[in-house]
Amino acid sequence: MLAELGNLALVLATVFAGLMMVLGFLVNAENSQWSTPLRRATQLQVLFTISSFLILISLLVISDFSVAYVVQHSNLRSPLFYKITAAWGAHEGSLLMWNAVLALWALSLFKLKNISDLLIDKSLAIQGCLLFGFLLFTTLTSNPFVRLDEIPLNGMDLNPVLQDPAMAIHPPMLYLGYIGFSIPFSLVVAMLWVGDVRQSNLRWIRPWVVIPWIFLTLGISLGSWWAYYELGWGGWWFWDPVENASLMPWIAGTALLHSLAATEKRGLFLHWTLLLSVMAFAFSVLGSFLVRSGVLISVHSFASDPTRGLFILALFAVFVGGALTLYAAKTPIGFKSSGFKAVSRESVLLLNNLLLLAMLLLVMLGTLYPLILEALGLGKISVGPPYFDYVMLFVSLPLLFFLAIGQRLNWKSAGKQVDKLKKSLGLSFLLAVTLTFTFGIVLNSFSILTIISVVFSVWIIFSALQVIAKARIEKKSLGLSQLGMFVAHMGVAVFALGVALSNQLANVDTKAVVLGQTVVVGDYEFNFASLKQDKELNYQMTRAEFIVTKGLQEITTLNSEKRFYPGRQTSTTEAGIHGGFVRDLYVTLGEPLPSSTAGEQAWSVQYQVRPFIRWIWLGTIFMALGGLIAVFDKRYRSKAISQEASANA
Amino acid sequence: MPKKFIVWLPLLVLIGLAALFYKGLYLDTNKIPSPFIDKAAPSLVLPDLLNAQQQVNLEDWKGQVVLLNIWATWCSGCLLEHPVLNAIAKENLVPIIGLNYKDNSQKAKAWLKESGNPFAAIPNDLSGQVAINWGVYGAPETFIIDKQGVIRYKFIAPISMDDWATKLRPLVVQLQGDP
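All values derive from a computational prediction rather than experimental measurement.

**Student:** Just checking my understanding: could you explain the overall build of chain B for this structure?
**Tutor:** Looking only at helices and strands, one finds five helices and seven strands in chain B. When the helices and strands of chain B are placed in sequence order, the string is α-β-β-β-α-β-α-β-α-β-β-α. Referenced to the eigenvectors of the C-alpha coordinate spread, the extents of chain B come out at roughly 70 × 35 × 30 Å. Out of the 179 residues belonging to chain B, those deemed buried represent 42%. Restricting the contact set of chain B to residue pairs at least 6 apart, pairs at least 24 apart contribute 77%.

Following this line, the structure appears as structure tokens:
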């Protein structure tokens, strides 16, 4: 019964999305009477979409094994938490969540106060198109409410690698980000449609770019964190096609944030801003295509099916193709801007955009290259980290360099100010160099690339702190937008430090060890202290205990587990990690090895000491925090209040 | 005028991408004809990954059917495939030679220690030169070489247990029956 209700809600949601589309097309400056029905239709649409998603969750919670999705992705023995998160653990459910998030974001357009009603109505029409397309896709090819003829006694359980708290909230975070970019997309398409592309309109999009960007930043970071401790290899980014698929909209969104700043403040880069608004969402949909169609091989891929792939491809082509056609046909050409000087924040923002675009293209090329070759009949290949690690250097180092300078430059810029700035930036640069070399000599092992990355990163932090300190001393307020920018940029620097230092200073060793044996890695001694078999709710495990000492002092006890999930006949590895601000200790229990001496069972064990690796995720938290601070800047509110005030008057 | 053209550029890129993806959807992702099929295998003499003093020479395996698997730790498909190779090795039906392709040897060794070593020998192709001679486009790829040292089959993409049971294993058994 409940499954039928879910189905009904899904169908109604599709119908109302269609209605949003139709009403949205009817609305125009002369026919504003359609506006109210459009908004009612939107509210009902959201209600039905959310209901169907909640019904799917309920089906999982009550373990209704008459529903195929429930059987395939949950189990009576699963903890309640993972019964719920199974709702987005596989293709059909996650697509339904995609729709639910899309609907919620559409509702957020009601909150946009400073843009004409017509633009909001047209944006709702676009959101209606998106919802209609994705809901049709869900109902026709991937309905999660399909029933089984024979009801099994138990289900197959959620994929064990997904049974993890970080992985459970990673998809919702990502989706809030990806799909949040649908709002700038819809608004820009609406502006082009109505022919109302104005600086003052674009300005109000900013929070709708920053908020999804925050979610996406945290979502990607969580995924990377998960890969670090769950996959058990000690890496944090694998340049896997699906990881790249989430990185591409992030890069486009980051570029958009920056070009939007120039558009908002100075009316510059209007074309860029329009194009990037389309691109950020386009890459989100592209990512979902790459993940769900199986065109690229990846550890993350959902079970693939060409019909599904074709459907998403068609959606992608129609949505993005439509938007880009509008962009090409209706972008105001000859939009006059006041121009800018060679040394100004504008010029550095332009550089930032070019570098981010290069980064985006390089990631895209690396991700799609195997597919391109294959389509040309040249075979299937895997472009690995060697390519990405190499090319990323060429864009990320200049990005860091210009970031250190750019964040201090003013709009327009002026001669006198530049001289002062040179001194101040020179001072922080010298400080950064001194600090790096002192530190580097102590550790005696820095490569030239590490030195450059570290100097630039420390420089960014110092140069940001100079401004914050100066404002403190002069008792001036920086403004939340400025403060947010500096915090986010320091986050970038902390991230870069984490990448450079964890890479340079890592100490990794894999050994065959028997119980009781001690292995020395770096300054640490790892003693293989015990091995136990145990049983949990839905898995069996072998747990190895390692006692770690440094000198004579005991640091910690690490547990690494191999888990076997009978529901799915698969096993996972849990690394034992001792985290710290300046270093992580990481132990992974490998396979039992054929023993050489009688009686003593040897195990392969990987030991890692990874200095500063936590700074990678710490950096992303700072980036997100910076975004959050900037959203609260009062200039995104003041006008709303004053308009409301004038409306009330 | 140039500006007029430039605004259409994103749309053109999109059309190109969409065409590419469309084609990608219908590609047979596994079997791709290789000009090397039914030809004598190119020479393969490389140092062994686990013991650099020792040379691996494919010639030495003449008289038996072998699988040649191209793998690397940077290739996520290969890591996915690894348990399947382990299972194949356990069957003791056919030796697997694992050409380690343009890999970091330390990482490769660590990976094998941790995840098991299904390979009878591991030629270490640091430069990728041998792989080029074999017409390898990437990893993972698996060749079946018969008793005479002739390449009989090439499989691209990670092998699943299903692929092994339905495609590769029958051919291996058949070739083993040949003189």
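**Student:** What is the right way to read the overall build of chain A from this model?
**Tutor:** Each helix and strand in chain A was counted, giving 20 helices and nine strands. Expressed as a percentage of its 649 residues, the buried residues of chain A come to 49%.

**Student:** In this structure, what is going on with helix H5 (residues 161–177) of chain B? I would like to understand it.
**Tutor:** Helical periodicity: at 3.6 residues per turn, an α-helix aligns residues three or four positions apart in one direction. All names here are of chain B. Between the first and last C-alpha of H5 there are 22 Å, a value that for 17 residues agrees with the 24 Å anticipated at 1.5 Å per step. The sharpest bend along H5 measures roughly 40 degrees and falls at Leu 168, with the proline Pro 170 sitting one to four residues further on. Of the residues making up H5, those classed as buried are Trp 164, Val 172 and Leu 175.

**Student:** Teacher, can you tell me more about the sheet that holds strand S5 (residues 124–125) of chain B here?
**Tutor:** The strands making up a sheet are joined through hydrogen bonds of the backbone, oriented either antiparallel or parallel. Residue and element names in this part refer to chain B. Taking strand neighbours across the sheet as the criterion, the five strands line up as S5-S4-S3-S6-S7 in an open arrangement whose pairing is mixed. Where the open sheet ends on each side, the last strands, each with one partner, are S5 and strand S7 (151–156). Bridge count between strand S3 (residues 66–71) and strand S6 (residues 141–145): five bridges; the pairing is antiparallel. Across the sheet, Asn 69 pairs through a bridge with Thr 142, a residue of S6.

**Student:** For this particular structure, what's the right way to read the domain arrangement of chain A?
**Tutor:** How large an interface is tends to be reported as the accessible area lost when its parts come together. By the assigned domains, chain A splits into domain 1 (1–162), domain 2 (164–176 + 191–410), domain 3 (414–502 + 619–649) and domain 4 (507–612). Relative placement of domain 1 of chain A and domain 4 of chain A: their C-alpha centres are 43 Å apart.

**Student:** Help me understand unusual backbone geometry, please; the structure alone is not making it clear to me.
**Tutor:** Trans peptide bonds make up most of the peptide bonds, and negative phi angles are found at most residues other than glycine. In this model, A:Lys475 sits at a positive phi of 55 degrees, which is unusual for a non-glycine residue. Among the structural elements, A:Lys475 can be located in the loop between helix H17 (448–473) and helix H18 (480–505).

**Student:** Quick question: what am I supposed to make of the packing of helix H1 (residues 2–26) of chain A against helix H2 (residues 35–61) of chain A here?
**Tutor:** Helix-helix packing: each pair is described by the crossing angle between the helix axes and the interaxial distance. All names here are of chain A. Running from amino to carboxyl end, H1 crosses H2 at an angle of 155 degrees, the nearest separation of the two axes being 8 Å. One finds that H1 runs roughly antiparallel with respect to H2. For H1 against H2, the interelement crossing comes out left-handed. Of the residues in the contact of H1 with H2, the class split is 20 nonpolar, eight polar and no charged.

**Student:** Hey, could you run me through the confidence of the model for chain A in this one?
**Tutor:** Low-pLDDT stretches of the model should not have their predicted coordinates read in fine detail. Residue and element names in this part refer to chain A. Summing up the model confidence of chain A, the mean pLDDT is 86 and the portion of residues at 70 or higher is 90%. Mean pLDDT per element in chain A: helix H20 (residues 638–648) is the minimum at 43, and H2 is the maximum at 96. Every residue in residues 298–303 scores below 50 in pLDDT, and together they form 18 contacts with partners more than four places removed in sequence or on other chains. This model gives residues 638–649 a pLDDT under 50, and the stretch forms five contacts once residues within four places in sequence are excluded.

**Student:** Is there a simple way to think about the nonpolar core in this case?
**Tutor:** Within soluble globular proteins, side chains that are nonpolar tend to cluster in buried spots. Within the largest apolar cluster, 180 residues are counted, with the highest numbers of intra-cluster contacts made by A:Met20, A:Leu102, A:Leu131, A:Ile251, A:Ala252, A:Val278 and A:Ile460. Listed in part, the 48 residues of the second largest apolar core include B:Leu49, B:Val66, B:Leu99 and B:Ala108.

**Student:** How should the pairing of strand S4 (residues 540–550) of chain A be read in this particular structure?
**Tutor:** As a general feature of sheets, a regular strand has side chains that alternate between the two faces. Residues and elements named next belong to chain A. With eleven bridges joining them, strand S3 (residues 524–535) and S4 adopt antiparallel strand pairing. Of the residues in S4, the one forming a bridge with Asp 534 is Met 541. In sequence, S3 turns back onto S4 through a hairpin of four residues. Of the strand pairs in this sheet, S4 and strand S5 (residues 553–565) are connected by eleven bridges, and their pairing is antiparallel.

**Student:** Would you explain the packing of H1(A) against helix H6 (residues 117–141) of chain A in this entry?
**Tutor:** Residue and element names in this part refer to chain A. Viewed as axis vectors pointing N to C, H1 and H6 meet at an angle of 150 degrees, and their least axial separation amounts to 7 Å. Considered as vectors, H1 and H6 are oriented roughly antiparallel to each other. Note on packing geometry: the crossing formed by H1 with H6 is left-handed. Along the lines of polarity and charge, the residues of the contact of H1 with H6 split into 14 nonpolar, seven polar and two charged.

**Student:** Would you mind showing me how to read helix H11 (residues 241–266) of chain A here?
**Tutor:** Residue and element names in this part refer to chain A. Look at H11: 37 Å from first C-alpha to last across 26 residues, which is about the 38 Å you get at 1.5 Å a residue. Most of H11 sits inside the fold, with 23 of its 26 residues counted as buried. Just downstream of H11, Gly 267 is the residue with a positive phi angle, here 65 degrees.

**Student:** Please explain the environment of A:Lys341 as it appears in this structure.
**Tutor:** As for its placement among the helices and strands, A:Lys341 is situated in the loop between helix H13 (306–330) and helix H14 (345–375). Spatially, the C-alpha atom of A:Lys341 lies 9.2 Å from that of A:Trp411, the residues being 70 residues apart in sequence.

**Student:** Help me understand the confidence of the model for chain B in this model?
**Tutor:** Residues and elements named next belong to chain B. Scored by pLDDT, chain B comes out at a mean of 83, with 91% of its residues at no less than 70. By mean pLDDT, the top-scoring element of chain B is S3 (93), and the lowest-scoring one is helix H4 (residues 129–133) (75). Low confidence marks residues 29–33, where pLDDT is under 50. Its contacts with residues over four positions away, or in another chain, come to ten contacts.

**Student:** Would you take a moment to explain the environment of A:Leu393 for this structure?
**Tutor:** With respect to the helices and strands, A:Leu393 occurs in helix H15 (residues 385–406). Placed 60 residues apart in sequence, A:Leu393 and A:Ser453 show a C-alpha to C-alpha distance of 9.4 Å.

What counts and how
Counting starts from 1 at the beginning of each chain's written sequence and moves along it residue by residue. Note on labels: chains are lettered from A, ligands numbered from 1, in written order. The predicted nature of this model means local features are confined to residues of pLDDT at least 70 and side-chain atom pairs, given and counted, to a pLDDT of 80 or more, with totals for whole chains, interfaces and linings taken over all residues. We count a stretch as a helix when DSSP gives it H or I for four or more residues in a row; a strand needs E for two or more, and each element gets its number in order from the N terminus. Between the buried cut of 20 or more and the exposed cut of 12 or fewer other C-beta atoms within 10 Å of a residue's own C-beta lies the partly exposed class, and all C-beta atoms are placed from the backbone. Contact definition: two residues whose C-beta atoms, as placed from backbone geometry, lie within 7 Å. In this scheme, a helix's expected span is set at 1.5 Å multiplied by one less than its residue total. The term bend refers to the angle at a residue between two fitted axes, each drawn through seven residues, those ending there and those starting there. At least two bridges found by DSSP between two strands is the condition for calling them paired. Domain limits in this description derive from either an automatic procedure or a database domain assignment. Under this scheme, a helix contributes an axis fitted over its contacting stretch, all axes are lines through C-alpha atoms, and angles between N-to-C directions fall in the 0 to 180 degree range. Oblique is the label for every angle not falling under 35 degrees (roughly parallel), over 145 degrees (roughly antiparallel), or within 65 to 115 degrees (roughly perpendicular). If you view the pair so one helix is near and one far, a crossing is left-handed when the near helix is turned anticlockwise from the far one by less than a right angle, and right-handed when it is turned clockwise. For this scheme, ten residues count as nonpolar: Ala, Val, Leu, Ile, Met, Phe, Trp, Tyr, Cys and Pro. Four count as charged, namely Asp, Glu, Lys and Arg, and the remainder, Gly too, count as polar. Values of pLDDT, the confidence the predictor places in each residue, fall between 0 and 100. The term nonpolar core means buried Ala, Val, Leu, Ile, Met, Phe, Trp, Tyr and Cys residues held together as one set by C-beta atoms within 7 Å.

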